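Understanding the architecture of this molecule
Below, each chain spelled out in residue letters.
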Amino acid sequence: MRKKVTKAIFPVAGMGTRFLPATKSVPKEIMTLVDRPLVQYAIDEARAAGIKEFIFVTSRGKGALEDYFDHAPQLEQELRKKGKLELLKTLEDTNMDSGAIAYIRQHKALGLGHAVWCARRLIGNEPFAVMLPDDVIAADKPCLKQMIEAYEETGGSMVAAMEVEPARASSYGILDTSEEQGDLVKVKGMVEKPAADKAPSNLAVIGRYILAPTVLKNLNKLKSGSGGEIQLTDAIAQEIEQERDVYGFRFRGQRFDCGSKAGFLQATVAFGLAREELRDDLSAYLQSIAQVDRAAQ
Ligand code: UTP
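Presented here is a report on the structure given in the accompanying data block.

Criteria and thresholds
- Residues numbered from 1 in each chain as written.
- Predicted model: local features only at pLDDT ≥ 70, side-chain atom pairs only at ≥ 80, totals over all residues.
- Heavy atoms only, no water.
- Helix = DSSP H or I, 4+ residues; strand = E, 2+ residues; numbered from the N terminus.
- Buried < 20%, exposed > 50% of the residue type's maximum accessible area, 1.4 Å probe, protein only.
- Contact = heavy atoms within 4.5 Å.
- Areas by Shrake-Rupley, 256 points an atom, 1.4 Å probe, with all protein chains shown as cover.
- Lys, Arg positive; Asp, Glu negative; His and termini not counted.
- Charge placed at Lys NZ, Arg CZ, Asp CG, Glu CD.
- Phe/Tyr/Trp six-rings, centres within 6.5 Å; stacked < 30°, edge-to-face > 60°.
- Disulfide = S-S within 2.5 Å.
- Near = heavy atom within 4 Å.
- Polar contact = N/O pair within 3.5 Å; in protein donor to acceptor, adjacent residues only side chain to side chain.
- Nonpolar A, V, L, I, M, F, W, Y, C, P; charged D, E, K, R; others polar.
- Core = buried A, V, L, I, M, F, W, Y, C linked by side-chain atoms within 4.5 Å.

Before going further, it helps to spend a moment on the overall build of the chain. Secondary structure assignment for the chain yields 11 helices and 13 strands. With respect to the three principal axes, the spread of C-alpha positions in the chain is 60 × 55 × 35 Å. When burial is assessed residue by residue, the chain has 45% of its 297 residues classed as buried. Contacts in the chain between residues at least 24 apart in sequence constitute 74% of all its contacts with a sequence separation of at least 6. Element-wise, carbon and sulfur atoms account for 50% of the exposed surface of the chain, whose accessible area totals about 15,600 Å². With 40 positive and 41 negative side-chain charges, the chain shows a separation of 5 Å between the mean positions of the two kinds.

Below is the structure:
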């Protein structure tokens, strides 16, 4: 019987330079899509997938993130007193069980692989998930849940994958694939941020992973790779060299790259339009500016 995946690592120790000056004092993961911080979308997805332990790898200046997960008894009492029960429910739904969240410091931003390695003692010898809150995925069935269901059949390690334009390959980890099995592709190699003409396919890794604990052992030995950082991709690629299975999983859903400004704005519009109370006003506004734009051309 395969061990269940109940732990997830959320590496949030990066500097978020693409959102400066905001990220001088606001952690990127606290920035809101409509009214929910990015990290809340990731937590909701993890909970829906059966994750019970949430491990945040943080860094200096991320205090607001820890505060966000505190309960707010005074606020709750006030809302109850005023009969604002819907808001109270919204608030209570974000409460986490005591002891469910752990925070580990990454003292230096040495890369995503290093951030994951920092959590090794809390993972031990179990398979675990890694979720990057920058990647927000709108899906009928939450992406991590889709992956865990597939993982229960396959074991090994699994990365969420999506097709990208060849010109964009150099921004992602790219899969070298062999056979396809429905939504799954067997991976025979992985390259971090290849030049467009060196990319082995157009299948890119995005921020959802289910990893075997042996990946942590590989990270133990890794030196810095692409961009001078310790790359998670390299540690997963070593699994293949050691003849353990790695799969790419073509998830169903729409992924927004909220680590980039354009992606964040697109997600804001998409999640705004998905809200009943905002839809009419927002879509009327979008149509009006599209008309102005057309007229200007
Ligand atoms: P990014 O490459 O998006 O870097 O990291 P970043 O620092 O967050 O943002 P920019 O590029 O400066 O704008 C991808 C994920 O890996 C985490 C980040 O927090 C983000 O969730 N990360 C990256 C770490 O936890 N530690 C690192 O050393 C690097």
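Both the distance between ring centres and the angle between the ring planes are used here to describe each pair of aromatic rings. Summed over all chains, the structure comprises eight aromatic pairs. A ring pair is formed by phenylalanine 10 and phenylalanine 56, whose centres lie 4.8 Å apart and whose planes are at 15°; its orientation type is stacked. Of the two residues, phenylalanine 10 is situated in strand 1 (residues 7-11) and phenylalanine 56 in strand 4 (residues 53-58); the sequence distance between them amounts to 46 residues. The buried category is assigned to phenylalanine 56, whose relative accessible area is 0%. Counting every residue linked through ring pairs, the aromatic cluster contains Phe10, Phe54, Phe56, Tyr68, Phe69 and Tyr103.

Let's shift gears to the state of the cysteines. Going through the model one piece at a time under the given rule, you end up with zero disulfides. Residue cysteine 258 stays outside any disulfide, its sulfur separated by 14 Å from that of cysteine 143, the closest cysteine.

Our focus in this paragraph is the site of the ligand. In the vicinity of the ligand there are 16 residues, among which Pro11, Met15, Thr17, Lys28 and Gln106 approach most closely. A distance of 3.3 Å is found between an oxygen atom of the ligand and a backbone nitrogen or oxygen belonging to leucine 110. Expressed as a share of its isolated accessible area of 570 Å², the protein-covered part of the ligand is 82%. Each residue belonging to the shell around the ligand can be placed in one class, and the counts come to eight nonpolar, five polar and three charged.

Let's shift gears to the nonpolar core. Membership of the largest hydrophobic core comes to 40 residues, with the highest contact counts inside it found for Phe10, Ile51, Phe54, Phe56 and Met158. Looking at this core, the elements with two or more residues in it are strand 1, helix 1 (38-48), strand 4, strand 6 (128-131), helix 7 (143-154), strand 8 (157-163), strand 11 (203-211) and strand 12 (246-250). No other element matches helix 7, which puts six residues into this core. Beyond its immediate stretch of four places on either side in the chain, phenylalanine 56 contacts Phe10, Val12, Val39, Ile43, Leu65, Phe69, Ile101, Ala102, Tyr103 and Ile104. By size, the runner-up hydrophobic cluster in this structure holds 33 residues, among which are Cys118, Ala119, Val187 and Ala235.

Just distances and angles here, no functional claims.
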